[in-house]
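Per-entry structural report
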Amino acid sequence: MELNINGSRHEVDVEPDTPLLWVLRDTLGMTGTKYGCGLAQCGACTVLVDGYATRTCVTPVESVAGSEITTIEAIEQDPVGRKVVDAWVENQVPQCGYCQSGQVMAATSLLKENASPSEDDIAAAMTNLCRCGTYNAISKAVRQAAEA
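Everything numeric in this text was worked out from a predicted model, so none of it was measured.

Here is what the cut-offs are and how they apply
Residues numbered from 1 in each chain as written. Predicted model: local features only at pLDDT ≥ 70, side-chain atom pairs only at ≥ 80, totals over all residues. Heavy atoms only, no water. Helix = DSSP H or I, 4+ residues; strand = E, 2+ residues; numbered from the N terminus. Buried < 20%, exposed > 50% of the residue type's maximum accessible area, 1.4 Å probe, protein only. Polar contact = N/O pair within 3.5 Å; in protein donor to acceptor, adjacent residues only side chain to side chain. Contact = heavy atoms within 4.5 Å. Expected span 1.5 Å × (residues − 1). Arc of directions from axis to C-beta.

1. Thoughts on the side chain of Ser139
- Mapped onto the secondary structure, Ser139 falls in helix α5 (residues 135-147).
- Given a relative accessible area of 13%, Ser139 falls into the buried group.
- Looking at Ser139, its side chain comes within polar contact range of the side chain of Glu119, at 3.3 Å.
- Within the local environment of Ser139, its side chain forms a polar contact with the side chain of Arg143, the two groups lying 2.8 Å apart.
- Those residues in contact with Ser139, other than ones at most four positions away along the chain, are Glu119 and Ile122.

Right, here's the structure in full:
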């Protein structure tokens, strides 16, 4: 099966129902995408599939063959992703950092869809969990990236 990840083609020999998360991490060695809950609830495993935030722990790899997949490893190559990362760093959003790759991907997806989100838009889109509770810093960074 051929996957387009971060602008490169990857041929993978996996079962079609293998979750994309495990293909990224175990087959391709892209460990920036994290395993959190395995139930698509926490969002640590979020990547962009055709520009939309997608939770990879429950996404069968066969369902994304032919799609453009972007992981945290390449998000800074995207102009919107670069703004999000810059805002994350400037606002010192991460504490433990475990959820942050998924948070950055969700924020990038939001800003690609809505360049000027309201507070309600941010709250509705940023549903990833953060055990450290950095939600205020996340919201501030999303607003800053939108203004950049």
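Moving on from the model shown.
2. A look at α5
- The terminal C-alpha atoms of α5 lie 18 Å apart, and with 13 residues this matches the ideal 18 Å at 1.5 Å per residue to within 8%.
- Three or more residues of α5 are buried, namely Ile138, Ser139, Ala141, Val142 and Ala145. The buried residues of α5 all sit within an arc of 165 degrees when viewed along its axis, so they share a single face. Of the exposed residues in α5, those oriented more than 90 degrees away from the buried face are Asn136 and Glu147.
- Tucked inside the fold, the buried residues of α5 contact α2 (79-90), α3 (100-113) and α4 (119-125).

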